[in-house]
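Observations on the three-dimensional arrangement
Spelled out, the chains give:
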Amino acid sequence: MNAILVASNRGPVSFILSEDGSLSMRRGGGGLVSGLSEVAKDLNVLWVCAALSDGDRGAVRLAPGGRLDQAGYDTGALRMLDIPPATFHRAYNAVANSTLWFVHHLLYDTPNMPHFDARFRREWESYQAYNEAFAMALAEEAAHGARVMVQDYHLSLVPAMLRGERPDLRVAHFSHTPWAPPEYFALLPDDVGTELLEGILGADHAGFLTARWAGAFMDCCETVLGAQVDRRGRTVTHAGRTTRIGVHSLGVDGEALWTRASEPDVESHMAALRDQVGDRMLIVRIDRTELSKNIVRGLAAYREFLATHPEWHGRVVHLAFAYPSRHDLPEYREYTAAVQRSAKEIEDEYGTEDWDPLILNVNDDYPRSLAAYRLADVLLVNPIRDGMNLVAKEGPILSPRSALILSREAGAAAELGEHALTVNPYDVSATASALREGLVMSEGERLRRGTLLAAAATALPPHLWFADQLAALK
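Quick look at the structure, then. (Residues numbered from 1 in each chain as written. Predicted model: local features only at pLDDT ≥ 70, side-chain atom pairs only at ≥ 80, totals over all residues. Heavy atoms only, no water.)

1. Examining the pairing of strand 1 (residues 2-7)
Put simply, the test is: Under the scheme applied here, a residue whose accessible area is under 20% of the maximum for its type counts as buried, over 50% as exposed, and between as partly exposed, the area being computed with a 1.4 Å probe on protein chains only. Counting from the N terminus, the helices are the DSSP runs of H or I reaching at least four residues and the strands are the DSSP runs of E reaching at least two. Strand pairing is assigned whenever DSSP identifies at least 2 bridges connecting the two strands.
Across the six residues that make up strand 1, a large majority, five, are buried. For strand 1 and strand 6 (residues 142-151), the ladder comprises five bridges, and the chain directions are parallel. Across the sheet, Asn2 pairs through a bridge with Ala142, a residue of strand 6. In this sheet, strand 4 (residues 46-50) lies alongside strand 1 in parallel orientation, the contact comprising three bridges. Paired with Val6 across the bridge in strand 4 is Trp47.

2. Overview of the sheet that holds strand 4
Within a sheet, each strand pairs with its neighbour through backbone hydrogen bonds, oriented either parallel or antiparallel. What counts, and what does not: Angles shown run from 0 to 180 degrees and are taken between the N-to-C directions of axes, each axis being a line fitted to C-alpha atoms and, for helices, limited to the stretch in contact. Contact definition: two residues touch when any of their heavy atoms are within 4.5 Å.
Across the sheet, which stays open at both edges, the nine strands sit in the order 5-4-1-6-7-8-11-10-9 with mixed pairing between neighbours. Only two strands of the sheet have a single partner each, and these edge strands are strand 5 (78-81) and strand 9 (228-230). Averaged over all adjacent pairs, the angle separating strand axes in this sheet is 20°, with direction ignored. Relative to strand 11 (residues 241-247), strand 8 (residues 205-208) runs parallel, the two being bridged by four bridges. From the neighbouring strand, Ala206 faces strand 11, where its bridge partner is Ile245. Of the strands in this sheet, strand 6, strand 7 (170-175) and strand 11 are in contact with helix 5 (residues 158-165), which crosses strand 7 at around 170°. Against the sheet, helix 18 (residues 462-472) engages strand 1, strand 6, strand 7, strand 8 and strand 11, with an angle of about 130° to strand 6.

3. A word on the pairing of strand 7
To be explicit about the condition: Whether a crossover is right-handed comes down to one check: with the strands pointing away from the viewer, does the path from the first strand over the helix to the second run clockwise; if it does, it is right-handed.
Counting buried residues along strand 7, five of its six residues qualify, which places the element largely inside the surrounding structure. One ladder, built from five bridges, connects strand 6 with strand 7; its direction is parallel. Counted as the bridge partner of Val148 is Val171 from strand 7. Crossover strand 6 to strand 7 through helix 5 is right-handed. One ladder, built from four bridges, connects strand 7 with strand 8; its direction is parallel. Across the sheet, residue Ala172 finds its bridge partner in strand 8, namely His205.

4. Notes on the packing of aromatic side chains
By convention here, two paired aromatic rings are described through the distance between centres and the angle between planes. Which entries qualify depends on this criterion: Two rings from Phe, Tyr or Trp (for Trp, the six-membered ring) form a pair when their centres sit within 6.5 Å of each other. Planes less than 30 degrees apart are called stacked, planes more than 60 degrees apart edge-to-face, and all others tilted. Only when the NZ atom of a Lys or the CZ atom of an Arg is both within 6 Å of the ring centre and within 35 degrees of the ring normal do we say a charge sits over the ring.
Under the definition given, this model contains 17 aromatic pairs. Taking the centre distance of 6.3 Å and the plane angle of 25° together, the rings of Tyr302 and Phe305 count as stacked. Taken together, the residues span about one helical turn, with Tyr302 and Phe305 both in helix 11 (residues 295-308) at a distance of three residues. The exposure class of Phe305 is buried, given its relative accessible area of 0%. Cluster of aromatic residues (ring-pair linked, three or more members): Phe88, Tyr92, Tyr130 and Phe134. The ring of Trp312 carries the charged tip of Arg315 above its face, separated from the ring centre by 3.9 Å. Positioned above the aromatic ring of Phe321 is the side chain of Arg368, whose terminal nitrogen or guanidinium carbon lies 4.8 Å from the ring centre.

5. Observations regarding the sheet that holds strand 13 (residues 316-323)
Spatial ordering of the open sheet is given by 14-13-12-15-16-17, a layout of six strands whose pairing is parallel. Here the strands that pair on one side only, and so sit at the sheet edges, are strand 14 (358-361) and strand 17 (421-423). Ignoring strand direction, the axes of neighbouring strands in this sheet form an average angle of 15°. In the packing of helix 12 (residues 330-350) onto the sheet, contacts are made with strand 13 and strand 14, and the angle to strand 14 comes to roughly 155°.

6. Some details on the nonpolar core
Which entries qualify depends on this criterion: Here the nonpolar core consists of buried residues drawn from Ala, Val, Leu, Ile, Met, Phe, Trp, Tyr and Cys, with membership extended through side-chain atoms lying within 4.5 Å.
Counting 164 residues, the largest nonpolar core has Phe134, Trp179, Tyr302 and Phe466 as its most contacted members. Aside from chain neighbours lying at most four places away, what touches Trp179 is His104, Phe185, Leu197, Ile200, Phe208, Trp213, Ala216, Phe217, Cys220 and Arg385.

7. Considerations on the pattern of salt bridges
Formally: Definition used for salt bridges: Asp or Glu carboxyl oxygen within 4 Å of a side-chain nitrogen of Lys or Arg.
All told, the structure shown has 33 salt bridges when counted by the stated rule. Linking Arg241 and Asp204 is a salt bridge whose minimum nitrogen-to-oxygen distance equals 3.3 Å. Of this pair, Arg241 sits in strand 11 while Asp204 sits in the loop between helix 7 (190-200) and strand 8, and the two are 37 residues apart along the sequence. Judged by relative accessible area, which is 24%, Arg241 ranks as partly exposed. The partner of Asp348 in a salt bridge is Lys344, and the shortest N-O contact between them spans 2.8 Å. Placement of the pair is Asp348 and Lys344 together in helix 12, with a separation of four residues, close to one helical turn. The class for Asp348 is exposed, based on a relative accessible area of 54%. Through salt bridges with shared partners, a single network forms among Arg67, Asp69, Arg79, Glu140 and Glu141.

8. Focus on the environment of Pro159
Assignment of secondary structure puts Pro159 in helix 5. When the C-alpha positions of Pro159 and Ala142 are compared, they lie 14 Å apart, and in sequence the two are 17 residues distant. Ignoring anything within four residues of it in the chain, the contact list for Pro159 reads Val150, Val171, His173, Gly199, Ile200, Gly202 and Ala203.

Listed below in structure tokens is the structure:
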């Protein structure tokens, strides 16, 4: 039985099934996994996650009770759940990523979407079943009085379900996304919105990345549930229970990041990029092709910068890493195509025999991303809306001499905005002006700002972020 447990959709490892039927293990992707993996191992935390692929399911079926650590894998304590693929697909793609993500990031084209019909009700039932599978697994694995840390919008119903099974447990839920304001949250069917809020309020402690997102959650509880909200004391009382609301701003382990960024594979990528870019200044962005990341407007801003500042032709290169995301969803496939079209237009209009103004890469390569951070003169982070954004924090650590252009709609702006060049992510012209400002900024001023940005980015590294929430459950 386990005294500390973490539950998340994605786990610390994933498995690849080769043509000969063998399985190979690799590190799981995503910011949440990066933040929690080492902490979980250090504290001997049991991690409960879902099998995401055929490779994952193959590994689970060879492990007793889904416990991969008991099947000879070096994963740390890990239980992976083999949820039926159809149930997982509806819960993950149709509800979590096509509904909850869209609501919290304010992404809907409201004249046309959302459209909550009988099909959605079947999808919602799968989301409930998916959450129930996690709640039952946690109930089975947790020692009496254990502390359970439930992660993110995929598992919003788990706290209330788990409390029904194991009232002895101390439960926290943490939201890594923004939280929608009440008027946008109200797009959801009334009963679904109520169930989501009451699901999280089943926790003893509900955590958010910024005070802004915590405030929006409390506003929804008051408006939708009629709950009693103490904003100064950060508590919500509903149905005879009180949930404490916490703000925990996830930072970066600067030492660990630098150690990884100093390894030979990163140095090799730096040399290759220098050969490609020459002595030109470098604007860098590193994102998934996620609708909220605003890559197309970022490219439009660079195009406008080149149009209005011909003196920079041949003197600057924009290195844009846009890694494919959620290609199961048609909106994301089209967005990736739009990114590629925008990039080609810039290359066609401005490229010459001896100057590539834009280098777009869509193949995920972590060491190459670290190399790009280290070489950046300007880092562009312009999401329409983001829970935090760790790119904005990692960049200044690896290149304190780079200027950070940061969307005011990123959660990170609450901590970094004072020392960054903040922009309205919808204002392409203002972003183009910020690109120029970052490029002409003196080396000394960029270093002064970058040093302050790096200090803020490392203020609450993952082990302290996790410890804060554990302490809140005592």
